[in-house]
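Chains, contacts and geometry: an overview
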Amino acid sequence: MNQNQSMEQNEFSLADIYYVIRKGLRPIIIATLFFGIIFGIYAYSIATETYESNIDVYITPLTDGNSTVSSDYAMARYLIVTVAEYMESNSVIDTVIEKLDLDESIGSFKSKLTITASTDSYRINIAYEDEDAEVTKNVVNEVARVAIAMQEDRNSGEQFLPENISLVAIETQENGSYASPNKILIVIAGLFVGGVIGLAIAFVKELLNNSYKTKEQLEAAFDIQVLGIIPEFEIKEDF
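The rules behind the values
Residues numbered from 1 in each chain as written. Predicted model: local features only at pLDDT ≥ 70, side-chain atom pairs only at ≥ 80, totals over all residues. Heavy atoms only, no water. Helix = DSSP H or I, 4+ residues; strand = E, 2+ residues; numbered from the N terminus. Contact = heavy atoms within 4.5 Å. Polar contact = N/O pair within 3.5 Å; in protein donor to acceptor, adjacent residues only side chain to side chain. pLDDT = per-residue confidence, 0-100. Salt bridge = Lys/Arg side-chain N within 4 Å of Asp/Glu carboxyl O. Buried < 20%, exposed > 50% of the residue type's maximum accessible area, 1.4 Å probe, protein only.

1. Remarks on the environment of Thr 60
One can find Thr 60 in strand E1 (residues 50–61). Those residues in contact with Thr 60, other than ones at most four positions away along the chain, are Asn 164, Ile 165, Ser 166 and Val 168.

2. Some thoughts on the environment of Leu 79
Relative to the helices and strands, Leu 79 is located in helix H4 (residues 70–87). Sequence spacing of Leu 79 and Pro 162 is 83 residues, and the spatial spacing of their C-alpha atoms is 9.9 Å. In this structure, Leu 79 is in contact with Ile 59, Leu 161 and Pro 162, ignoring residues within four places of it in sequence.

3. Quick look at the side chain of Gln 151
Note on placement: Gln 151 falls in helix H7 (residues 133–152). Looking at Gln 151, its side chain comes within polar contact range of the main-chain nitrogen of Leu 161, at 3.1 Å. Residues contacting Gln 151, with those up to four places away along its chain left out, are Tyr 86, Glu 158, Gln 159, Phe 160, Leu 161 and Leu 167.

4. Overview of the confidence of the model for the protein chain
For the protein chain, mean pLDDT is 84; residues scoring 70 or higher make up 79% of the total. Put simply, helix H1 (residues 2–10) is where the protein chain has its lowest mean pLDDT, 47, and strand E3 (residues 123–130) is where it has its highest, 96. Low pLDDT, under 50, characterises residues 1–10; the stretch is placed with four contacts to residues that sit more than four places away or in other chains.

5. Details of the pattern of salt bridges
This structure, assessed with the given rule, holds six salt bridges. Glu 104 is the partner of Lys 112 in a salt bridge, and the nearest nitrogen-oxygen pair spans 2.6 Å. Look at Lys 112 and you get partly exposed, because its relative accessible area is 24%. Where Glu 142 meets Arg 145, a salt bridge forms, and the shortest distance between an N and an O atom there is 3.1 Å. Placement of both Glu 142 and Arg 145 in helix H7 is noted, with a separation of three residues, approximately one turn of the helix. We classify Glu 142 as buried; its relative accessible area is 9%.

This is the structure we're talking about:
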């Protein structure tokens, strides 16, 4: 019986939770603001800002004055994934790095490059993320140029597209746009972490507090009946 009473005493009701939060409001606010500020300093002063550019390259049948047939589009659809994989091949990337004189390894370059093929629209999207907004623009344009040039050069040793299939790039003239970090999200995460830590501190302090707060806790702990309680009130003195 005493064990059950002890368990009932340690259980938190909604009223107890409200009491704990109200009593621990100060550490909760302090922890929330502290971690919000720390995360904000990281987001706005420490974290490295990156930018991203992207362009589209279309794979399309050549009409050459004649009407295209369904087989030409079927061929283009079939080859689009292959072209996308080719655009991130070492031969293309190595040429781009050399032409732009980038201080990047092939592995580092690939980690910033994203090639996405859409078979529904015959479109390949080239995206590149870097700390320099102008570099991102130059890279995506150059990847498209190099890949197209190698496919158009029958002596390049890289050409695999048939003569009735071509690549058309829509290059960008704008520097890359801001990509990361999401500063607002980082600050919100800091506030959330601080709030959780503040709540944890408040509840730990409450669990370590062995005092009795209600007459029900006294009755359960000592198996007695409380006849009355003295309310807490504040006396204001008039001067």
